[in-house]
Each structure stands twice: as structure tokens, then as C-alpha cells.
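This is what each chain is made of:
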Amino acid sequence: MAEDKSEFDILTQLVQGTLGTEWPAGQPTSTPIYTAATYTYESMDQMDKVFSGELPGYVYTRHGNPTVTVLEEAMRVLESGSVARAYGSGMAALHAALFACELSPGSVVLASQDLYGATTNLLLNIFGVFGIKTVFADFSDLDAVRSQAEAMKPRVLIAETISNPLLKVCDIDACAEIAHKTGARLIIDNTFASPYLCQPLQHGADIVVHSATKFLGGHADAMGGIAISRDAFDTGALTGVMKLVGGVLSPWEAHQILRGMKTLGVRMDRHCENAKGLAAHLQNDVRIGRVYFPGGAETAKSIAGRVLRPGHFGALVSVELKDNSRETAFRFMDNLRLVARSTSLGDVFTSALHPATASHRDLSPARRRELGITEGLIRISVGIENVNDIIADIDQALSTSVHADVSVPGAVATGSTG
Ligand SMILES: Cc1ncc(COP(=O)(O)O)c(C=O)c1O
């Protein structure tokens, strides 16, 4: 490309003169957003060598992008993996992770029953179509998981570090041992914990997945997903899905997520502290039937104590309203003034979600009942605001929507479970 564009017609100048050829020598102190979809080289020989991997570089953003690479490398290091690949959403990352486990018709996936609803559907309705069978188990019952694994010889075990929406903490070390004894690989969705609270590969997991849309980004302005494997062998599959299925992460989103990650540690400290305060407050509220928070029950506490950062139990608190009806849950949600009615989690602001109509909407009502996802269940993602304001808003919404008979004997919170 010619340096001096003045010799060209205005039509050519408009196209060629806007490219820019001189770049500053200084290192930028924030990650540049490389929006280029394509790259050109001095010669075809050089381009060919970059394509083949003989020379480093980028050829086409579906095959790799410098901004996205910064995010992948940051996550690879944070999770102590050998390879990390980013995708356009957490679901795309889960799909890639499952694909990397070389599933084929007849393969079995042993899945936690307590998965995000869309993950359950991905297994049943996408992988299921290709003859891959998913069997669900209660991963808090390790004997049941072990006997299912021994009987079914699954290729993959999959669970969430802190489950959606009942917040059960997975004993990752024990699940990894069961998986490896029976020749399976363990995928852990670490979205609810983030790498600040837990690094599943350090506990024996094989592949860890994040929806970067949640705590990593943290500001409800970017969607993305990342899969990180302990095994460099997975580079081919994780990269192959990226290139050929093409659900790549946009460099714009990668930049937003990278910016969010800079404050992940301080945000998580505050999120978790506020969640602890809210859970403790709600425990004693007679309008609440049950509080789910990993910092409560003793068993969960000991698993959480081993798996999560000390003193941190996550930023989610789920509550079941005393009358447990959809009508009351909707009224409570409608009466929130500060807390956002949301379809996500992990943002700096506090938000509330109704799992039966959002995260687990696609499960049948009967299945939701079996799992304990009742009509009166509300999942609260506790933000970093002043906790007293969060509590005050939830209190006022309870007062204006829940009519609990406080004189009923024994009408006290039943306490938390993991
Ligand atoms: C635990 C968990 N994993 C994965 C996902 C999917 O992430 P995304 O919405 O970025 O595809 C979600 C979404 O809510 C989730 O809660």
C-alpha cells in the first residue's frame, strides 16, 4: 500500500487514506481493540506461514484476534491451564468444552442435576440429537455419583462450582477423583465463583468454563464465554470449534471483559461480604421460608471452606418466600425499587431473578419441582452497593408484597442449605 495517497482519486483516498500506517512507539496502557477482521502481509509467503502457524500472527478474526488473545492468556494464567479459548457466550464455551471431550453417539455424560437450565437443554437437545446420552445425578450425594459413574462409564462429568440457583458447592476434588477412576473427564462451570473464589483445575477438574457475561465482565455490558483446559491436547478441539462453528468473541466485548476483570478481586470481596450480610439478615425473617446460601449449613460450609477462597461464600443468595407462590414472588419482584429485576447475575448492581420463569424456564414444571426450584424461589445477585440499602429495599418489598402470619407457631426461617 502506497504511503502517499495524494496521487489517488478521492474515491480511492476515502478507502485507502483512512487505514493509517504510522503507529506510536509507546506501549498503550489499556488493551487496544483490534477491530480488523482481516490481516495482510508483505508477501504471500509470509501470509501462508502465518496461516500454517509457522510464523506468529493473525490472518482472520474468526481464527484469532489480538484483543481476544489478551483475555484468553489472562484467563489461562488465572486458572492455571494449558490452553484457553474465548467464545461469544458462556453457552458457546460450554459447547466447546463438551466437544473437546470427544463425545460420539452412545457416549454418556453424567451431569449434575443442579445445572443452569440452558446447560441442561444443551446436553439434552443439542448433544442428545447426536446420540449422546445425559444422565443426571445429585452431585451433593457423592456415593450416588460414584455408583452412577461406575455403572454408566461416562466420558464426562459436568457440574457447577456453585450451582444455579440453589447454590450447592461442588466437592470438585471428590468429583475429579470419581471421574478419573472411571476414565471420565470433569468439566466445571466456574461462573458463579469466578477465578477469584475458586480455580477448579487446581482441584482436579480437566476443563473449566466461565460465562464472562457475569462476574468477569461485571457491568451488564458484555457477553462472552471462556473454556480453559489443563491439557494442551485440547487446543485443537477448542480452537477448531472457534474456527469452524464460529461463535467467536468480539474484540469489543473482550475489551469490556478485560476492563471488568481489573476490579474482579475488589468487587468479589465486596459482593461476598454483602451477600453474607443479606443472608444473615434474611435468615430471621418470618416472611421467608428458606434461605439458600453456601455459608450456612455445616457440610456445605466445609466443602465451601475447601473449594472457595477462605471467608468467601459467593455473591448469590436464593430465598423461597413463605407462601411459595408465583403470584407473591412476582409481587415481591415488582415492588423492588433499588434491586433490578434481571435476567442475569454478577453485575455491580444488585439484581433479582425468578428462576422458574428465567434461568430454568425451559425445564418442565414437574422437573423444576423435583429439583426444588419452586414458584416462590428468587435468586438474588448481591451487588457492591451499601448493604444497608440493599437490605432496606428487600425489606420494603417483602413488607408490601408478602403477608406472612407471624403468629404461626414455628414460623421461623428453616435455615440455609448448600
Ligand atoms: C452457571 C451459568 N453457566 C453458563 C451460563 C451461560 O452464559 P451466557 O449467558 O454467557 O451464555 C449461565 C447464564 O446465566 C450461567 O448461569
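1. Regarding the overall build of the chain
- Across its full length, the chain carries 15 helices and 13 strands.
- Here the C-alpha atoms of the chain give a radius of gyration of 24 Å, agreeing with the 22 Å that 2.2 N^0.38 yields for 418 residues.
- Based on the C-alpha atoms only, the size of the chain along its principal axes is roughly 90 × 50 × 35 Å.
- Taking all 418 residues of the chain together, the buried fraction comes to 52%.
- Pairs at least 24 residues apart make up 74% of the contacts formed inside the chain by residues separated by at least 6 positions.
- Surface exposure of the chain reaches about 18,500 Å², of which carbon and sulfur atoms provide 55%.
- Charge separation in the chain, taken as the distance between the mean sites of 35 positive and 45 negative side-chain charges, equals 5 Å.

2. Here we look at the sheet that holds strand β3 (residues 133-137)
- With respect to topology, seven strands assemble into an open sheet ordered β1-β7-β6-β5-β4-β2-β3, the strand pairing being mixed. A strand with exactly one partner marks an edge of an open sheet, and here the two such strands are β1 (83-87) and β3. The sheet shows a mean angle of 20 degrees between the axes of neighbouring strands, taken without regard to direction.
- Pairing between strand β4 (residues 156-160) and strand β5 (residues 185-189): five bridges, direction parallel. Bridge pairing in β5 places L157 opposite L186.
- Contacts from helix α4 (residues 90-100) reach β1, β4, β5, β6 (207-211) and β7 (225-229), with the element oriented near 165 degrees to β6.

3. Thoughts on the confidence of the model for the chain
- Per-residue pLDDT for the chain averages 94, and the proportion of residues at 70 or more is 95%.
- Low pLDDT, under 50, characterises residues 406-418; the stretch is placed with 28 contacts to residues that sit more than four places away or in other chains.

4. Re the side chain of R368
- With respect to the secondary-structure elements, R368 resides in helix α14 (residues 365-371).
- In this structure R368 touches R326, A356, H360, R361, L363, I373 and E375, once residues within four positions along its chain are discounted.

5. Overview of unusual backbone geometry
- Here the residue pair N164 and P165 is connected by a cis peptide bond, since its omega of 5 degrees sits within 30 degrees of zero.
- When you line up the elements, P165 lands in the loop between β4 and α7 (172-181).
- Of note, the phi angle at S80 is positive, near 55 degrees, even though the residue is not glycine.
- Residues other than glycine seldom take positive phi values, yet N324 does so here, at roughly 55 degrees.
- Tracing the chain through its elements places N324 in the loop between β9 (316-321) and α13 (326-334).

6. Points about the site of the ligand
- Near the ligand there are 14 residues, and of these G90, M91, D189, S211 and T213 occur at the shortest range.
- Within the side chain of T213, an N or O atom sits 2.6 Å from an oxygen atom of the ligand.
- When the ligand sits alone it has 390 Å² of accessible area, and the protein chains cover 93% of it.
- Of the residues forming the shell around the ligand, the biggest block, three residues, is contributed by α4.

7. What to know about the pattern of salt bridges
- Counting across every chain of the model gives 19 salt bridges.
- Across the pair D143 and R146 runs a salt bridge, and its minimum N-O distance is 3.2 Å. In this pair, D143 and R146 both sit in helix α6 (residues 142-152), three residues apart, roughly one turn of the helix.
- Given the relative accessible area of 33%, R146 is considered partly exposed.

8. As for the environment of R85
- Considering the arrangement of structural elements, one finds R85 in strand β1.
- R85 sits in the buried class, given a relative accessible area of 19%.
- In this structure, the C-alpha to C-alpha distance between R85 and A96, residues 11 residues apart in sequence, is 9.0 Å.
- What R85 contacts, discounting residues up to four positions off in sequence, is E72, G225, I226, A227, T235, L238, T239 and M242.
- A distance of 2.9 Å separates polar atoms of two side chains, one belonging to R85 and the other to T239.

9. Observations regarding the packing of helix α11 (residues 264-283) against helix α15 (residues 387-401)
- Axis separation between α11 and α15 bottoms out at 10 Å; the angle between their running directions is 35 degrees. For the pair α11 and α15, the sense of crossing is right-handed. For the pair formed by α11 and α15, the contact residues are N274, G277, L278, H281 and L282 on the first element and V387, I390, I391, I394, D395 and L398 on the second.
- Class assignment of the residues belonging to the contact of α11 with α15 gives a composition of seven nonpolar, three polar and one charged.

Thresholds, definitions, all that
- Residues numbered from 1 in each chain as written.
- Predicted model: local features only at pLDDT ≥ 70, side-chain atom pairs only at ≥ 80, totals over all residues.
- Heavy atoms only, no water.
- Helix = DSSP H or I, 4+ residues; strand = E, 2+ residues; numbered from the N terminus.
- Rg over C-alpha atoms; globule rule 2.2 N^0.38 Å.
- Buried < 20%, exposed > 50% of the residue type's maximum accessible area, 1.4 Å probe, protein only.
- Contact = heavy atoms within 4.5 Å.
- Areas by Shrake-Rupley, 256 points an atom, 1.4 Å probe, with all protein chains shown as cover.
- Lys, Arg positive; Asp, Glu negative; His and termini not counted.
- Charge placed at Lys NZ, Arg CZ, Asp CG, Glu CD.
- Pairing = 2+ DSSP bridges.
- Axes fitted to C-alpha atoms, helices over the stretch in contact; angles between N-to-C directions.
- pLDDT = per-residue confidence, 0-100.
- Near = heavy atom within 4 Å.
- Polar contact = N/O pair within 3.5 Å; in protein donor to acceptor, adjacent residues only side chain to side chain.
- Salt bridge = Lys/Arg side-chain N within 4 Å of Asp/Glu carboxyl O.
- Left-handed = near helix turned anticlockwise from the far one by under 90°.
- Nonpolar A, V, L, I, M, F, W, Y, C, P; charged D, E, K, R; others polar.

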